[in-house]
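Overview (structure and organization)
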Amino acid sequence: MSDELNKKVTNIFSRHNKDLPPVGKEKVKFYAGFNYVRLDKDANGNKFNSEHLIKYAESCHYIVRVMRKVNKEVFLYNYDIPNSDLFKFMKSFDENTLDGTIIEIDKYFPEDLA
């Protein structure tokens, strides 16, 4: 997903207020305890292509920064998580296999590294 599209969605959430009308066609909705915005087209006005989105997702990795306190000291752990393992990684916190506080999640593409 393009940075421009990410900023657009973030702006919609930041402007979200129950007293305000929707911004353009986008409307913040609520489901399963989370706010969301459905996107019908990309930043260029094209409909989404499932094969391209899947290929994009498969090439994506995340750096997940986790804070842990060990013997009264604070440490930051950086995990390299492929997109395909992200849910498994998050579930491990829910199941107490991993502990700590997730501080940040950054997306990156390994082939883009210099």
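Note that this is a predicted model, so its numbers are computed, not measured.

**Observations regarding the overall build of the protein chain**
- Across its full length, the protein chain holds three helices and five strands.
- Going through the 114 residues of the protein chain one by one, you find that 17% of them count as buried.
- Across the protein chain, contacts joining residues at least 24 apart in sequence account for 46% of those joining residues at least 6 apart.
- Entry remark: accessible area of the protein chain is about 9400 Å², with carbon and sulfur atoms responsible for 53%.

**Brief notes about the sheet that holds strand E3 (residues 61-70)**
- Here three strands make up an open sheet; going across it, the order is E4-E3-E5 and the pairing antiparallel. Strands with a single pairing partner mark the edges of an open sheet, and in this sheet they are strand E4 (73-82) and strand E5 (101-108). Each adjacent strand pair in this sheet contributes to an overall mean axis angle of 20 degrees, direction not counted.
- Pairing of E3 with E5, which is carried by seven bridges, proceeds in the antiparallel orientation. Looking across to E5, one finds that Tyr-62 is bridged to Lys-107.
- Strands in contact with helix H3 (residues 86-94) are E3, E4 and E5; relative to E3, the strand with the most contacts, it is inclined by about 15 degrees.

**A few points about H3**
- Taken residue by residue, H3 has Leu-86, Phe-89, Ser-92 and Phe-93 as its buried positions. One side of H3 holds all its buried residues, which, seen down the axis, span an arc of 125 degrees. Those residues of H3 that are exposed and aimed more than 90 degrees away from the buried face are Phe-87, Lys-88 and Asp-94.
- Buried residues belonging to H3 abut E3, E4 and E5.
- Phi turns positive, to about 60 degrees, at Asn-96, one or two residues after H3.

**Notes on the pattern of salt bridges**
- Tallying each qualifying case throughout the model produces five salt bridges.
- We note a salt bridge from Arg-38 to Asp-40, for which the minimum N-O separation is 2.8 Å.
- When its relative accessible area of 61% is taken as the criterion, Arg-38 is described as exposed.
- The partly exposed category is assigned to Asp-40, whose relative accessible area is 48%.
- With a closest N to O distance of 3.5 Å, Glu-95 and Lys-91 form a salt bridge.

How each quantity is defined
- Residues numbered from 1 in each chain as written.
- Predicted model: local features only at pLDDT ≥ 70, side-chain atom pairs only at ≥ 80, totals over all residues.
- Heavy atoms only, no water.
- Helix = DSSP H or I, 4+ residues; strand = E, 2+ residues; numbered from the N terminus.
- Buried < 20%, exposed > 50% of the residue type's maximum accessible area, 1.4 Å probe, protein only.
- Contact = heavy atoms within 4.5 Å.
- Areas by Shrake-Rupley, 256 points an atom, 1.4 Å probe, with all protein chains shown as cover.
- Pairing = 2+ DSSP bridges.
- Axes fitted to C-alpha atoms, helices over the stretch in contact; angles between N-to-C directions.
- Arc of directions from axis to C-beta.
- Salt bridge = Lys/Arg side-chain N within 4 Å of Asp/Glu carboxyl O.

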